[in-house]
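Spelled out, the chains give:
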Amino acid sequence: VQLQASGGGLVHPGGSLRLSCAASGNIRTIYDMGWFRQAPGKQRELVARITPSYSPFYANSVKGRFTISRDNAKNTVFLQMDSLKPEDAAVYYCNAGIIVPGGTFSTYWGQGTQVTVSS
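Residues numbered from 1 in each chain as written. Predicted model: local features only at pLDDT ≥ 70, side-chain atom pairs only at ≥ 80, totals over all residues. Heavy atoms only, no water.

Q: Run through the overall build of the chain, naming residues and quoting values.
A: The helix and strand inventory of the chain stands at 0 helices and 11 strands. Ordered by position from the N terminus, the helices and strands of the chain form the series β-β-β-β-β-β-β-β-β-β-β. Computed over the C-alpha atoms, the radius of gyration of the chain is 14 Å, within 12% of the 14 Å expected from 2.2 N^0.38 for a compact globule of 119 residues. With the principal axes as the frame, the chain shows a C-alpha extent of 50 × 25 × 20 Å. (Helix = DSSP H or I, 4+ residues; strand = E, 2+ residues; numbered from the N terminus. Rg over C-alpha atoms; globule rule 2.2 N^0.38 Å.)

Here you go:
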């Protein structure tokens, strides 16, 4: 199983970016999918997650500015980031709880994508 994240980049304050993360491989079921971020010198923190039935959760710091969504048919999770602030700059990681054939449940992580917010 692999998670492939994409969509990071450099944006001005107030700008927008859309991150994508696709899960591939021998997958039976995907449970919650989410996005975390880690800024230099800080701990990795949860940004948003979404259940298989599309129920979202957001960190207070991004509520009202970020939108998480998923396409279950394509095993993909998205993070639309609007009104970006310099403090949103970080490496963003996607993750997913996945059951593989045979019944083993594991949490998988994407490789991280850099988001830079700077004027």
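From this point, the narrative continues.
Q: An account of the nonpolar core is needed here, citing residue identities and associated values.
A: Residues Trp35, Val47, Phe66, Ile68, Leu79, Met81 and Tyr92 are the most contacted members of the largest nonpolar core, which totals 31 residues. Every element with two or more residues in this core is listed here: strand E1 (2-6), strand E3 (17-24), strand E4 (29-38), strand E5 (45-50), strand E7 (66-71), strand E8 (76-81), strand E9 (90-99) and strand E11 (113-117). If you tally residues by element for this core, the top one is E9, at 5 residues. Contacts of tyrosine 92, omitting those with residues within four sequence positions, involve Leu19, Trp35, Phe36, Arg37, Val47, Phe66, Leu79, Met81, Gly112, Thr113 and Val115. (Core = buried A, V, L, I, M, F, W, Y, C linked by side-chain atoms within 4.5 Å. Buried < 20%, exposed > 50% of the residue type's maximum accessible area, 1.4 Å probe, protein only. Contact = heavy atoms within 4.5 Å.)

Q: Describe the sheet that holds E8, and please don't skip the residues or the numbers.
A: Pairing in this open sheet of 4 strands is antiparallel, and the strands run E1-E3-E8-E7 from one edge to the other. Of all the strands in the sheet, just E1 and E7 have a single pairing partner and so form its edges. The mean inter-strand angle of the sheet, taken between neighbouring strand axes irrespective of direction, is 15 degrees. Here E7 pairs with E8 via 6 bridges, running antiparallel. Within E8, the residue paired with arginine 70 across the bridge is valine 77. (Pairing = 2+ DSSP bridges. Axes fitted to C-alpha atoms, helices over the stretch in contact; angles between N-to-C directions.)

Q: Account for unusual backbone geometry, with residues named and values stated.
A: It is generally the case that most residues other than glycine have a negative phi and that most peptide bonds are trans. Even without glycine at this site, asparagine 75 takes up a positive phi of about 50 degrees. Along the polypeptide, asparagine 75 turns up in the loop between E7 and E8. Backbone geometry at serine 83 places phi at a positive 50 degrees, although glycine is not the residue there. When you line up the elements, serine 83 lands in the loop between E8 and E9. Residue classification places serine 83 among the partly exposed positions, given a relative accessible area of 40%.

Q: Outline the environment of tyrosine 31, listing residues and values.
A: Turning to its location among the elements, tyrosine 31 is positioned in strand E4. Separated by 12 residues in sequence, tyrosine 31 and glutamine 43 have C-alpha atoms that sit 24 Å apart.

The analysis is restricted to geometry; functional conclusions fall outside its scope.
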